[in-house]
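Here is how the chains run, residue by residue.
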Amino acid sequence: MTEEIAPRDAYARTMDSVVTGITEQGVVLDRTVFYSRGGGQPGDTGTLRWDGGQVAVTDTYRVSGTPVHVVEGTPPPVGTEVSGEIDWDRRHLLMRTHTALHVLSAIIWRDFDAKVTGGNMEPGTARMDFELDAISVEFGQEVEARLNDELVKDHQIQVLFLPRDEALSDPDLIRTKVNLLPPSIDPIRVIQIGTIDKQADGGTHVRSTGEVGLVRVVKTESKGKGNKRMRIAL
Ligand SMILES: [Zn+2]
């Protein structure tokens, strides 16, 4: 089992750890600050250093549940003590982007009764699809204004670990289909953004919405009946 630091401390950038496995895909460590791609958020990149060497980490993802660090070059052998550092500028931009998406989804739900059907993000840009009947440039501008109105209110963001029973009976979490999470997941990690949003989520987020900065809606497009896409940029 790898101890994962990011779910509890999104601001941790470095760690000391020990190589516990080398697989075809990469390096397994006893503990890590690297975020494994998931929930639309890309995996972290960075560097692993040890006495006598270093490699770049180009991606992090799960193989059978275990975080694997994909490296460029010869990995350190099992048992090596390494220090790891994530590419913080990229990760922090992803945290801002991820939080912006949660606020966007909350506004579309609160003001337009539409659920999210999908989404994806890159550092500083993202797309999200909604169960909307129609979308227009003007609608995008209206949403952009409402989104920035909420972001500047500097809502505080909390990471909660709720007992499964409690999460399943929380009316604020029903819209995000928390009941579909595998029964083995208990407690359930929840990201709460002030009073405006609460979602079961594995990703990394900033501490408050003021840290996101201003967001633009750069494109609106139809992806079919009841499926409309919005692209944002920070
Ligand atoms: Zn999320």
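Placed above this text is the structure.
Peer 1: Tell me about the coordination of the zinc ion, and please be specific about residues and values.
Peer 2: Each donor-metal-donor angle in an ideal tetrahedron of four donors is 109.5 degrees, and each such angle in an ideal octahedron of six donors is either 90 or 180 degrees. Within the protein, His98 (NE2), His102 (NE2) and Asp201 (OD) serve as the donor atoms for the zinc ion, at 2.0 to 2.1 Å. All donors of the zinc ion come from a single chain, and their spacing in sequence reads H-x3-H-x98-D. Highlighted residues: His98 and His102, both in helix α1 (residues 88-112), separated by four residues, approximately one helical turn. Assessed through its relative accessible area of 4%, His102 is described here as buried.

Peer 1: Help me get a handle on helix α2 (residues 137-151), residues and values and all.
Peer 2: Over its 15 residues, α2 runs 21 Å from end to end, which matches the ideal 21 Å to within 8%, given 1.5 Å per residue. Along α2, the positions that sit buried rather than exposed are Phe139, Gly140, Val143, Leu147, Asn148, Glu150 and Leu151. Take α2 and look down its axis: the buried residues cluster within an arc of 160 degrees, on one side only. Among the exposed residues of α2, those oriented more than 90 degrees off its buried face are Glu138 and Gln141. Buried-residue contacts for α2 involve α1, β14 (216-222) and β15 (228-233).

Peer 1: I'd like a rundown of the pairing of strand β13 (residues 197-200), residues and numbers included.
Peer 2: Alignment of strand β12 (residues 188-193) against β13, held across four bridges, turns out to be antiparallel. Note that in β13 the partner of Val190 across the bridge is Ala200. If you look at the hairpin formed by β12 and β13, you'll find three residues sitting between the two strands, and Gly194 has a positive phi there, around 50 degrees.

Analysis parameters
Residues numbered from 1 in each chain as written. Predicted model: local features only at pLDDT ≥ 70, side-chain atom pairs only at ≥ 80, totals over all residues. Heavy atoms only, no water. Donors = N, O, S within 2.8 Å, 3.2 Å for Na, K, Ca; no water. Helix = DSSP H or I, 4+ residues; strand = E, 2+ residues; numbered from the N terminus. Buried < 20%, exposed > 50% of the residue type's maximum accessible area, 1.4 Å probe, protein only. Expected span 1.5 Å × (residues − 1). Arc of directions from axis to C-beta. Contact = heavy atoms within 4.5 Å. Pairing = 2+ DSSP bridges.

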